[in-house]
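Chain by chain, the residues run as shown.
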Amino acid sequence: MSLVDQLQTLKTAAFGDIQTASSTQALDELRVKFLGKKGLLTDILKGVSSLEVSERPKIGQVANDVKTEIQALYQEKLGLLQTQERDAKLKEEAVDVSMPGYVKWTGLRHPLNQVLLEVQEIFQKLGFSVKEGPDVESDYYNFEALNIPKDHPARDMHDTFYLKNGDVLRTHTSPVQIRTMKAQTPPIRIIVPGKVYRCDTDVTHSPMFHQVEGLYVDTDVTFAQLKGTLSHFLKEFFGQDKKVRFRPSYFPFTEPSTEVDVQCVKCEGHGCNICKRTGWLEILGAGMVNRKVFESVGYDPDVVTGFAFGLGIERLAMLKYGIPDIRLFYENDKRFLSQFGLSQSPLVAAMTAPTPAMPLYPSKVQVK
Ligand code: FA5
């Protein structure tokens, strides 16, 4: 077959293949096959060297024409296939704007932390600052300095976890009262949030729970101020219309002592299963700091007076949100925890923006 015929046959084959190519990739493979450096056209042109010199330009011309025509068809087909492939891709990736969007899950504060921050915020506005103390305490700080000597019956109220060396897991946050008074002179106005431990467990008691201690020491601190401060706190926390009552009680480190009840959050005082038909719920213990406690920290009880209180954070959270079982707080079940996200923003703001202290009661103590 002459070279011209071979070129014509090549052109026919290339046209047929290019026209039926179904993708840009297949088309590119055809370009390499027919027009590439080691392609079929190059193969045919190798035969030119055996021709008479006079015949060579004519064959060269035919070969160029064939190549140009194949390239033109290739370009035309390439444009067509690229358009088809782009359209298919756009169709495949099209966004269905009627589909629901992805919901971004953002973390929430634990309900106990939310309540704790709320409590802190209320007291910080009254001029109380936040102190902390160790979870492992000596018998002295947890009991003795608080007027609970060994063999005192009040120790039975605190189902204590003892360590081998005689230290204890603190049973309340009250030891931080002693630590602070030993380190500072009055006036003192602190709250102490923290974990406490008691060997006690049921639906309203946990072996580890959280308390917030409060201590205000100055001259002329009165029981009226204790009542006013705690009433203000409870109304801020539970709502202005909640009734509050103070009942006489006993704590070795306060005299007189009181327990404070709020009107039952469920039945509003009519009596129900939560408040054991009394209409009231006990929320905290409090009292005027016992003279013996002042003596144990080296303060003169004839000069200074003070009040202290201790409240359970779990108890506050259970009452505010109607949670029937304390163990729900510690199970880390997201279905439970995610119900408490709404009050986050103001609390975060309270955390990040320091509240200026605005003392209710200006100090009269002269610190030398
Ligand atoms: C005390 O712990 C005293 N230190 C409080 C106090 C401080 C009185 C300063 C006077 C002056 P009480 O044992 O009542 O008191 O505990 C205080 C609160 O902790 C209770 O009202 C209750 O809300 C909470 N609480 C007590 N035991 C548990 C427990 N096992 N689980 C969860 N909360 C508890």
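The present account deals with the structure reproduced in this document. Model, not experiment: these values are computed from the prediction. One numbering rule holds for all chains: residues counted from 1, following each sequence as written. Two thresholds apply to this predicted model, a pLDDT of at least 70 for residue-level local features and 80 or more for giving and counting side-chain atom pairs, whereas whole-chain, interface and lining totals are computed over all residues. No hydrogens and no water enter the side-chain calculation; it runs on all heavy atoms of the structure.

## Things to note about the sheet that holds strand 4 (residues 188-197)
The criterion, for reference: DSSP bridges decide pairing: two strands pair if at least two such bridges lie between them. Strands are runs of DSSP state E lasting at least 2 residues, helices are runs of H or I lasting at least 4, and numbering of each runs from the N terminus. Working rule for contacts: check all heavy atoms of both residues, and any pair within 4.5 Å makes them a contact. What counts as an axis is a line fitted to C-alpha atoms, over the stretch in contact for a helix, and the angles between N-to-C directions run from 0 to 180 degrees.
Here seven strands make up an open sheet; going across it, the order is 1-4-5-9-8-7-6 and the pairing mixed. For this open sheet the edge positions go to strand 1 (129-130) and strand 6 (244-251), each flanked by a neighbour on one side alone. Helix 5 (residues 111-125) rests against strand 1, strand 4, strand 5 (208-218) and strand 9 (305-312) of the sheet, and its axis sits at about 165° to strand 4. Each of strand 5, strand 6, strand 7 (254-263), strand 8 (280-289) and strand 9 is contacted by helix 8 (residues 223-238), which is oriented at about 150° to strand 8, the strand it contacts most.

## Considerations on the packing of aromatic side chains
To keep things clear, this is the line we draw: Pairing of aromatic rings covers Phe, Tyr and the six-membered ring of Trp, with a centre-to-centre limit of 6.5 Å; geometry is then stacked below 30 degrees between planes, edge-to-face above 60, and tilted otherwise. Type-normalised accessible area, obtained with a 1.4 Å probe on protein chains alone, sets the label of each residue: buried when under 20%, exposed when over 50%, and partly exposed for intermediate values. Geometrically, a lysine NZ or arginine CZ counts as sitting over a ring once it is within 6 Å of the ring centre and also within 35 degrees of the ring normal.
All chains considered together, the criterion is met by 14 aromatic pairs. Taken together, a centroid distance of 6.0 Å and an interplanar angle of 70° make the contact between F329 and F336 edge-to-face. Grouping residues by exposure puts F329 and F336 together as buried. In this structure an aromatic cluster arises from ring pairing among F123, F128, Y216, F233, F237, F238, F307 and F309. The side chain of R179 reaches across the aromatic face of Y141, ending 4.1 Å from its centre.

## Description of the nonpolar core
Where we set the bar: As used here, the term nonpolar core means buried Ala, Val, Leu, Ile, Met, Phe, Trp, Tyr and Cys residues forming a set that is joined through side-chain atoms within 4.5 Å.
V119, F123, F233, I283, F309, I313 and L316 are the most contacted members of the largest nonpolar core, which has 43 residues in total. Within the residue set of this core, elements represented by two or more residues are helix 5, strand 5, helix 8, strand 7, strand 8, strand 9, helix 10 (313-321) and helix 11 (334-337). In contact with F233, other than residues within four places in its own chain, are V119, I122, F123, L311 and L316.

## A few points about the pairing of strand 7
Within strand 7, eight of the 10 residues are buried, which leaves the element mostly enclosed by the surrounding structure. Sheet topology note: the strand 6/strand 7 ladder contains seven bridges and is antiparallel. Bridging across to strand 7, R245 finds its partner in D261. Two elements, strand 7 and strand 8, share eight bridges in a ladder whose sense is antiparallel. By the bridge assignment, T254 is partnered in strand 8 with V289.

## Observations concerning the site of the ligand
Selection criterion: Near residues are defined by distance, with any heavy atom within 4 Å of the molecule or strand qualifying the residue. In the analysis that follows, any N or O atom pair within 3.5 Å is treated as a polar contact, provided that within protein one partner can donate a hydrogen and the other can accept it, and provided that, for residues neighboring in sequence, both atoms belong to side chains. Using the Shrake-Rupley algorithm and a 1.4 Å probe, accessible areas are obtained, with residue cover drawn only from the displayed protein chains. Classes in brief: Ala, Val, Leu, Ile, Met, Phe, Trp, Tyr, Cys and Pro nonpolar; Asp, Glu, Lys and Arg charged; the others, Gly included, polar.
Near the ligand you find 24 residues, and of these H172, S174, R198, S206 and E282 are the closest. Take S174: an N or O atom from its side chain is 3.0 Å from a nitrogen atom of the ligand. Notes on the ligand: free accessible area 680 Å², of which the protein chains cover 94%. Secondary-structure elements contributing two or more residues to the shell around the ligand are strand 5, strand 8 and strand 9. When grouped by side-chain class, the residues that make up the shell around the ligand number eight nonpolar, 11 polar and five charged.

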